[in-house]
Amino acid sequence: MPTPARTTALGKRLLLSLLLLLLVLPPLQALWPLVPVRPLGGFTDEVSSPRLRFSTLWDNSFQLSVERYVNDHLGFRPWLVRLRNQLAYSGWHQVLASGIFVGKDQNLYQSGTVDAYLGRHYLGENEIAFRARRLRRVQDSLQAHGTQLLFLLAPVKPRILPQYLPDSCGAGHWPGPTNYATVCEQFAKYGVNTLDASALLARWRDQGARYPLFTRTGTHWSGYAVAQVADTLFRRIEALTGRDLPDFTQRGEPVVVTHTADLRYTDNDLGELINLLYDIPPYPTAYPNVVFAPPAGKQRLNALIIGDSFAQSFYGFYPYYQTLFTPASRYWNYNEHVYWPEQTPGESRNVADLNLSQQLRSRQLVLLVANEENLHKLGYNFIDQAFNVFCPLTDQDRAQTAEIEATIRRNPDWLARLAQKAADNNKSLDEIIQQDAAYMHDRQR
């Protein structure tokens, strides 16, 4: 029978062995992965291996680079991060991912969508009216060349599910206007072709939608909502363009899933970002069986889609773009990069490299897509760029700009304000005067 002294010694050896194991295992896992570890979700900058130089050693940047590299490549790091996140979530109902918070009944929200819902980035009626008026000019110019324009206004989650917002966000106490309301009003006033999908989803919600229009852990509309919106969207496009697109329908009962692992495309996008050990269970979520009829005898469209990530739902959940649009069609993400099709051999993926005039005039449809969160950057510069394609500056425009410049220079108070502005922006006074005069004239065109 072991004596108490031998038992104590054995316990110390076991404890020491355990501590040594905890120290040795992470570097071993980093060098020779012993067990598979699920990587962290989200986007992180890859930390490259530090390069030793005398200069970086001398200024201490090499040492800092080594520290960052070791921290990023430590074995079992995803497990440790998930453990920390799970403790914060289970213990204090908090999410440690930037810009995401937990609402009621474990619904996740992005702070930007709540800001938009509460009108915190309001552009103002005059600015929205200006953009609506200009977009109508673009719409008319496109139409004169046989191209139709449609603006698809997508909802944010708080607008469809405000009942799950936490009391701390102040929903229901915001008396001011929102970009959403003013865009709807001004686009209707100026006759911009618009499909308000926010209103559609709100109506379906009020009528008792069978399945979630936004999932518990998603920030985009659900696959179920996308299938319902697509029916309306492509019927509207057919009416607008006079084209008979290939038919599609929802056949039979939808597939209903109850496990996070079975959620599709963006239906767990926030859930993946918060990196928990245990997934937040979804509400029963449905995926309709969308069936596309053979395209024989039908008319596919050459479309240019410009928008945010909500536009991706129509090729991410179901192949609407692939089936209803021609191979020449393109999707420009935020008017910056060509996202779809994923392969365009011999063609730049950078929108700035493309000739906008040629791109517009070869299309039958221009579809602009923005969710409410992005209305404060309405059009992603496309409206101004397209306007300048169809309405380039004339000699008369340049003369009017020169008149404004002269007016500024004759006004001492105005000139003083611009001198301060030039100093604040580290520019010359002439440059600021020309810039402001051009801006003022542009607002009048």
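Summary of the structure given here. (Residues numbered from 1 in each chain as written. Predicted model: local features only at pLDDT ≥ 70, side-chain atom pairs only at ≥ 80, totals over all residues. Heavy atoms only, no water.)

**Describing the overall build of the protein**
In step 1: The helix and strand inventory of the protein stands at 18 helices and twelve strands.
In step 2: Relative to a compact globule of 445 residues, whose C-alpha radius of gyration would be 22 Å, the protein shows 28 Å and is clearly more extended.
In step 3: Oriented by its inertia axes, the alpha-carbon framework of the protein measures out at about 105 × 65 × 55 Å.
In step 4: Among the 445 residues that make up the protein, the fraction classed as buried is 44%.
In step 5: A separation of at least 24 residues holds for 74% of the contacts in the protein among residues at least 6 apart in sequence.
In step 6: Element-wise, carbon and sulfur atoms account for 55% of the exposed surface of the protein, whose accessible area totals about 23,900 Å².
In step 7: For the protein, the centre of its 44 positive side-chain charges and the centre of its 42 negative side-chain charges are spaced 4 Å apart. (Helix = DSSP H or I, 4+ residues; strand = E, 2+ residues; numbered from the N terminus. Rg over C-alpha atoms; globule rule 2.2 N^0.38 Å. Buried < 20%, exposed > 50% of the residue type's maximum accessible area, 1.4 Å probe, protein only. Contact = heavy atoms within 4.5 Å. Areas by Shrake-Rupley, 256 points an atom, 1.4 Å probe, with all protein chains shown as cover. Lys, Arg positive; Asp, Glu negative; His and termini not counted. Charge placed at Lys NZ, Arg CZ, Asp CG, Glu CD.)

**Thoughts on the side chain of asparagine 374**
In step 1: Topologically, asparagine 374 is positioned in the loop between strand E12 (365–371) and helix H15 (382–390).
In step 2: Here asparagine 374 falls in the buried class, since its relative accessible area comes to 4%.
In step 3: Of note is the side chain of asparagine 374, whose polar atom sits 3.3 Å from the side chain of tyrosine 334.
In step 4: Among all residues touching asparagine 374, those that are not within four sequence positions of it are Asp308, Tyr334 and Tyr380. (Polar contact = N/O pair within 3.5 Å; in protein donor to acceptor, adjacent residues only side chain to side chain.)

**A look at the sheet that holds strand E3 (residues 148–154)**
In step 1: If you walk across this open sheet you meet the six strands as E4-E3-E12-E9-E10-E11, and the pairing is mixed. This sheet does not close on itself; its edge strands, each paired only once, are strand E4 (194–196) and strand E11 (337–340). Neighbouring strand axes in the sheet, compared pairwise and without regard to direction, differ in orientation by 25 degrees on average.
In step 2: In terms of strand pairing, strand E10 (residues 330–333) meets E11 through three bridges, oriented antiparallel. (Pairing = 2+ DSSP bridges. Axes fitted to C-alpha atoms, helices over the stretch in contact; angles between N-to-C directions.)

**Considerations on the pairing of E10**
In step 1: With burial as the criterion, each face of E10 is covered, one bearing Arg330 and Trp332 and the other bearing Tyr331 and Asn333.
In step 2: Where E10 folds back onto E11 in an antiparallel hairpin, the turn is made up of three residues, including tyrosine 334, whose phi is positive at roughly 50 degrees.

**Section: the side chain of glutamate 405**
In step 1: By the element assignment, glutamate 405 lies in helix H16 (residues 395–410).
In step 2: A relative accessible area of 18% places glutamate 405 in the buried class.
In step 3: Discounting residues that sit within four places of it in the chain, glutamate 405 has contacts with Ile433, Gln434 and Ala437.

**A few points about the nonpolar core**
In step 1: Core analysis: the biggest nonpolar cluster contains 55 residues, and Trp221, Phe234, Phe314 and Tyr320 have the highest contact counts within it.
In step 2: Mapped by element, the contributors of at least two residues to this core are E3, helix H9 (197–206), helix H10 (223–241), strand E7 (285–287), strand E9 (303–307), helix H12 (313–316), helix H13 (320–324) and E12.
In step 3: Examining the composition of this core, we find that ten residues originate from one element, H10, more than from any other.
In step 4: Non-local contacts of tyrosine 320, meaning those with residues more than four positions away in its chain, are made with Val226, Ala227, Ala230, Phe234, Phe248, Val290, Phe292, Phe314 and Phe325.
In step 5: In this structure, Phe187, Trp332, Val338 and Leu368 belong to the second largest nonpolar core, which totals 32 residues. (Core = buried A, V, L, I, M, F, W, Y, C linked by side-chain atoms within 4.5 Å.)

**Considering unusual backbone geometry**
In step 1: Each neighbour pair has its own omega, and for tryptophan 340 with proline 341 the value is -5 degrees, a cis peptide bond.
In step 2: Within the secondary structure, proline 341 sits in the loop between E11 and helix H14 (356–361).
In step 3: Unusually for a residue other than glycine, phenylalanine 76 sits at a positive phi of about 65 degrees.
In step 4: Counting through the fold element by element, phenylalanine 76 comes out in the loop between helix H3 (61–73) and helix H4 (77–92).
In step 5: Exposure remark for phenylalanine 76: the relative accessible area of 15% places this residue in the buried category.
In step 6: Backbone geometry at tyrosine 380 places phi at a positive 50 degrees, although glycine is not the residue there.
In step 7: One can find tyrosine 380 in the loop between E12 and H15.

**Regarding a nonpolar patch on the surface**
In step 1: Together, Leu16, Leu20, Leu23, Val24, Leu28, Leu31, Trp32, Leu34, Val35 and Trp79 give the surface a local cluster of nonpolar side chains, amounting to about 1,000 Å² of exposed area.
In step 2: Examining the composition of the nonpolar patch, we find that six residues originate from one element, helix H1 (residues 4–31), more than from any other.
In step 3: Inspection of the secondary structure assignment puts valine 35 in the loop between H1 and helix H2 (54–58). (Patch = residues over 30% accessible without salt bridge, like charges linked within 9 Å, V, L, I, M, F, W, Y side chains within 5 Å. Salt bridge = Lys/Arg side-chain N within 4 Å of Asp/Glu carboxyl O.)

**Some thoughts on the packing of H16 against helix H17 (residues 412–424)**
For any two helices packed against each other, one specifies the crossing angle of their axes together with the interaxial distance.
In step 1: For the pair H16 and H17, interaxial distance at closest approach is 5 Å and the crossing angle is 95 degrees. Viewed along their axes, H16 and H17 adopt a mutual orientation that is roughly perpendicular. Contacts between H16 and H17 pair Thr407, Ile408, Arg409 and Arg410 from the former with Pro412, Trp414, Leu415 and Leu418 from the latter.
In step 2: For the contact of H16 with H17, the per-class residue count stands at five nonpolar, one polar and two charged. (Parallel < 35°, antiparallel > 145°, perpendicular 65-115°, else oblique. Nonpolar A, V, L, I, M, F, W, Y, C, P; charged D, E, K, R; others polar.)

**Description of the environment of leucine 245**
In step 1: Along the polypeptide, leucine 245 turns up in the loop between H10 and strand E5 (248–250).
In step 2: Sequence spacing of leucine 245 and phenylalanine 314 is 69 residues, and the spatial spacing of their C-alpha atoms is 15 Å.
In step 3: In this view, leucine 245 contacts Phe234, Ile237, Glu238, Lys298, Gln299, Arg300, Leu301 and Leu324; residues no more than four positions away in its chain are not counted.

**Focus on the pattern of salt bridges**
In step 1: Throughout the structure, instances matching the rule amount to 19 salt bridges.
In step 2: Between glutamate 127 and arginine 443 there is a salt bridge, with its nearest N and O atoms 2.6 Å apart. Note that glutamate 127 is positioned in helix H6 (residues 125–144) and arginine 443 in helix H18 (residues 429–444), a separation of 316 residues in sequence.
In step 3: Given the relative accessible area of 16%, glutamate 127 is considered buried.

So, to be careful, I would describe these as geometric facts and stop short of saying anything about function.
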